[in-house]
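Residue strings, one per chain:
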Amino acid sequence: MITAGLVNTHHHLFQWMTRGRCVGCNLFDWLTELYPVWGRLEVEDVHAAALVGLAELARSGCTTAADHHYLVPRGDDTVFDALAEAATTIGIRLHLARGSMDLGESSGGLPPDHVVEDLDAILASTESVIERHHDGERIVVTVAPCSPFSVTPELMRESAALARRHGLKLHTHLAETLDEERDALERFGKRPVDLLDDLGWIEGDLWVAHGIHFDDAEVDRLGAAGFGVAHCPSSNARLAAGMCRVVDLEAAGVSVGLGVDGAASNEVGALQSELRQALYTARQRALRADALMPPDALRLATEGGARCLGRDDLGRLEPGLRADVVVWPGDDLRDIADPVAGLVLGPDRLARHVFVGGGAVVRDGELLGADLAALRGNLAGRARRLWP
Ligand SMILES: [Zn+2]
């Protein structure tokens, strides 16, 4: 079977360095435990994690990945050069979201002060990352303050202005947990969507990660705005964050794509298995066995994701679009009349061949751009350094 390349709309590649930790934590506890470890990361650690993370994505049929990177080791923004280099080595498209945090613990934020940056430094670096890496095709830069509980309103406003000056997309985490909702109500007296609206963010150039806790009026409002949501069902399940209203959001006009999220909250690190998880989650939420069908799950992972990222040149197998194509192994699909049902509901599988812009990235299941065993060895050595 042949499909369009899968589009991963939300990831944190650096988190591959901290897999297997905090396995019984909710989001805030998980972050509180991991921030100090992430604070010890070096640029080379992020590079090693990105190479393995992008390799695993490519092998699972992903041809475009959005990486939301908000951890800048001691202000060294060459970390974005490392991410771009890793994408070039592996050969898939990267939507490089220049993430940021400027609200440390001493100012009422969740992250410790030593992992946040200064507002002016963030804005100057974002301009520079756009200049250094944005080509609009293989590497697309996005402006992406991290989340309402780690960023100041000033940074949100300035980031939106900066993105719009350059005609770039905006990205952030929103409405992931009820803790976030409580935090926004306590600090600002507003729900997260109202907060974002006040900051001038609710427009068609925004896609957010998770988007779980919206009420009916918010769903309609976001649909009318041409909003996008990166649905990350496995990460949401692991952190007990809740279940995204995918069916309602799509019906209201919101673009919904799928996201793996970081490998510290979804240790599979592959996109293909998210199709099945998205289908299961939508059905459990609606208590309806036909709430989301296999072709819907495939559509979210391809067209839906491309729409979130603003890529009308990706996500479908059509003349005139870029040749991002996945050939799936057919050995165990030959007995199934509907191969899409087999792909979505069947076992986790790796792609046989993956092409990006017509060029092979994976052939006969083998990654062509790098030696995966060597990448894994390097990553393991670096990750073990961080063990307590
Ligand atoms: Zn995330």
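Placed above this text is the structure.
Given the structure is predicted, the values throughout are model-derived calculations rather than measurements. (Residues numbered from 1 in each chain as written. Predicted model: local features only at pLDDT ≥ 70, side-chain atom pairs only at ≥ 80, totals over all residues. Heavy atoms only, no water.)

Draft legend 1. Representation of the overall build of the chain in the model. Each helix and strand counted, the chain has 14 helices and 13 strands in total. Since a compact globule built from 388 residues should have a radius of gyration of about 21 Å, the 19 Å found for the chain is in line with a globular shape. Its C-alpha atoms give the chain principal-axis dimensions of roughly 60 × 45 × 40 Å. Across the 388 residues of the chain, 61% fall into the buried class. Sequence separation of at least 24 residues holds for 76% of the intrachain contacts in the chain that already meet a minimum separation of 6. Entry remark: accessible area of the chain is about 14,100 Å², with carbon and sulfur atoms responsible for 51%. (Helix = DSSP H or I, 4+ residues; strand = E, 2+ residues; numbered from the N terminus. Rg over C-alpha atoms; globule rule 2.2 N^0.38 Å. Buried < 20%, exposed > 50% of the residue type's maximum accessible area, 1.4 Å probe, protein only. Contact = heavy atoms within 4.5 Å. Areas by Shrake-Rupley, 256 points an atom, 1.4 Å probe, with all protein chains shown as cover.)

Draft legend 2. Highlighting unusual backbone geometry. Phi at Ala240 takes a positive value of approximately 50°, unusual for a residue other than glycine. Position of Ala240 among the secondary structure elements: in the loop between α9 (233-238) and α10 (246-252). For Leu287, which is not glycine, the phi torsion reads 55° and is therefore positive. Of note, Leu287 is situated in the loop between α11 (272-286) and α12 (294-308). The exposed category is assigned to Leu287, whose relative accessible area is 73%.

Draft legend 3. Local environment of the side chain of Asp205. Summarising the element assignment, Asp205 is placed in the loop between α7 (192-198) and β7 (206-210). Owing to a relative accessible area of 17%, Asp205 belongs among the buried residues under this scheme. Side-chain polar atoms of Asp205 contact the side chain of Arg164, separated by 2.7 Å. When neighbours within four sequence positions are excluded, Asp205 is seen to be in contact with Arg164, Leu168, Lys169 and Leu170. (Polar contact = N/O pair within 3.5 Å; in protein donor to acceptor, adjacent residues only side chain to side chain.)

Draft legend 4. Fine view of the environment of Val219. Positionally, Val219 belongs in helix α8 (residues 216-225). Spatially, the C-alpha atoms of Val219 and Gly342 are 32 Å apart, while their sequence positions differ by 123 residues. The contacts of Val219, once residues within four sequence positions are left out, are Phe214, Arg245, Asp248, Leu249, Ala252 and Val254.

Draft legend 5. Spotlight on the packing of helix α2 (residues 43-59) against helix α14 (residues 372-385). Look at α2 against α14: their axes get within 9 Å of each other, and the N-to-C directions meet at 140°. Classified by the interaxial angle, the pair formed by α2 and α14 is oblique. Where α2 crosses over α14, the handedness of that crossing is left-handed. Across the interface between the two elements, Glu44, Asp45, Ala48, Ala49, Leu51, Val52, Ala55, Glu56 and Arg59 from α2 touch Leu372, Leu375, Arg376, Asn378, Leu379, Arg382 and Arg385 from α14. Looking at the contact of α2 with α14, its residues break down into 8 nonpolar, 1 polar and 7 charged. (Axes fitted to C-alpha atoms, helices over the stretch in contact; angles between N-to-C directions. Parallel < 35°, antiparallel > 145°, perpendicular 65-115°, else oblique. Left-handed = near helix turned anticlockwise from the far one by under 90°. Nonpolar A, V, L, I, M, F, W, Y, C, P; charged D, E, K, R; others polar.)

Draft legend 6. Quick peek at the packing of aromatic side chains. Overall, the coordinates contain 6 aromatic pairs when judged by the stated rule. Taking the centre distance of 5.7 Å and the plane angle of 75° together, the rings of Trp30 and Trp38 count as edge-to-face. Side by side, Trp30 and Trp38 carry an identical accessibility label, which is buried. Chaining the aromatic ring pairs together yields one cluster made of Phe14, Trp30, Tyr35, Trp38 and Tyr70. (Phe/Tyr/Trp six-rings, centres within 6.5 Å; stacked < 30°, edge-to-face > 60°.)

Draft legend 7. Representation of the pattern of salt bridges in the model. Evaluated as defined, the whole model comprises 36 salt bridges. The salt bridge partner of Arg385 is Asp45, with a shortest N-O separation of 2.8 Å. Taken together, the residues Arg385 in helix α14 and Asp45 in helix α2 connect sequence positions 340 residues apart. Judged by its relative accessible area of 39%, Arg385 falls in the partly exposed class. (Salt bridge = Lys/Arg side-chain N within 4 Å of Asp/Glu carboxyl O.)

Draft legend 8. Up close: α12. The end-to-end C-alpha distance of α12, which contains 15 residues, comes to 20 Å, matching closely the 21 Å that a straight helix rising 1.5 Å per residue would cover. Residue Leu300 marks the point of greatest curvature in α12, where the axis turns by about 40°. Where α12 is concerned, the buried positions are Pro294, Ala297, Leu298, Leu300, Ala301, Thr302, Gly304, Gly305, Ala306 and Cys308. (Expected span 1.5 Å × (residues − 1). Bend = angle between axes of the 7 residues up to and from the residue.)

Draft legend 9. Molecular detail of the state of the cysteines. This structure, assessed with the given rule, holds 0 disulfides. Lacking any disulfide linkage, Cys22 is separated from the closest cysteine sulfur, that of Cys25, by 4.6 Å. When its relative accessible area of 12% is taken as the criterion, Cys22 is described as buried. Looking at Cys244, it has no disulfide partner, and the nearest cysteine sulfur is the one in Cys232, 8.8 Å off. Here Cys244 falls in the buried class, since its relative accessible area comes to 2%. (Disulfide = S-S within 2.5 Å.)

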